[in-house]
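Structural overview
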Amino acid sequence: RILMTHLGFGVMEGYEQHPVNEVFKWSGDAYCEHQGQNLPTEAAWEKAARGEDGRTFPWGNSDPTCEFTNFGFIGEQCVGDTMPVGSYPAGVSPYGVHDMAGNIAEWVSDWFGMDYYADSPTVDPSGPETGWFDDGQGNAFEARVVRSGNHATGRGDIQTHYRQPEPTGASSNGIGFRCARSLDD
């Protein structure tokens, strides 16, 4: 958790090992750039979560339980808050990446395109040039992508292929980020 004080932002006591949340996409970009890295593309994020065998969840195809990840709808959550990074070793991805499902949803670098993957490049797609979401119910906005679901989302939202549009200027206690770097670096 991030705490806002008159001096700026800081980490709340007891949350030093938890994933960062309440961040905007641009702040994730800035932090990763400062580290010589970047937010992963949506395709790179999904590859790290799903591996090469097309698994439904990072740990495989078995249904999620609180042994694998931190998830669940309000009132039926595993924990009801974030957990320290790496708390679910049984849920690690095929590449050894922790927390690719649940706990905190993560910004990726891509714009959201509802049908982008119908005509995208088959190798390393980098997302559309701009993004827009419109559900036809009055919810329309310029959109970026978050992946993974969080500690207060259900089974469907933590599947490796699930993608969520978020307004470009959004922040939430359920959204954070992770940085990535090229293996060539």
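Below you will find a few notes about this structure. (Residues numbered from 1 in each chain as written. Predicted model: local features only at pLDDT ≥ 70, side-chain atom pairs only at ≥ 80, totals over all residues. Heavy atoms only, no water.)

Section: the state of the cysteines
The test is simple: Any two cysteine sulfur atoms lying within 2.5 Å of each other are counted as a disulfide.
Under the criterion given, the structure shown has two disulfides. If you count the bonded cysteines of the protein chain from the N-terminus, they pair up as 1-4, 2-3.

A closer look at the nonpolar core
Quick note on the threshold: Buried Ala, Val, Leu, Ile, Met, Phe, Trp, Tyr and Cys residues form a nonpolar core when they are joined through side-chain atoms within 4.5 Å. Buried means the residue's accessible area, taken with a 1.4 Å probe over protein chains only, is under 20% of the maximum for its type, while exposed means over 50%, and partly exposed covers the values in between. Secondary structure elements follow DSSP: runs of H or I of four or more residues count as helices, runs of E of two or more count as strands, with numbering from the N terminus. When checking whether two residues touch, look at their non-hydrogen atoms; a contact exists if any pair is within 4.5 Å.
Core analysis: the biggest nonpolar cluster contains nine residues, these being V23, C32, L39, A105, W107, V146, A170, I175 and F177. At the level of elements, β3 (105–111) and β7 (175–177) are the ones that each hand at least two residues to this core. When near neighbours in sequence (up to four residues on either side) are disregarded, A105 contacts V146, R147, S148, G149, N150, G174, I175 and G176. Core analysis: the next-biggest nonpolar cluster, separate from the first, contains eight residues, A49, V108, F133 and V145 among them.

With respect to the packing of aromatic side chains
We count it as follows: Two rings belonging to Phe, Tyr or Trp (six-membered ring only in the last case) form a pair when the distance between their centres is within 6.5 Å. Interplanar angles under 30 degrees mark stacking, angles over 60 mark edge-to-face geometry, and anything in between is tilted. Here, over-ring charges are defined by two tests on the NZ atom of lysine or the CZ atom of arginine: distance to the ring centre within 6 Å, and angle to the ring normal within 35 degrees.
Using the criterion set out here, one finds seven aromatic pairs in the structure. When the centroid spacing of 5.8 Å and the interplanar angle of 10 degrees are considered together, the rings of F24 and W26 count as stacked. Site record: aromatic cluster; members linked through ring pairs are F57, W59 and F68. The aromatic ring of W111 is capped on one face by R144, whose charged end is 3.7 Å from the ring centroid.

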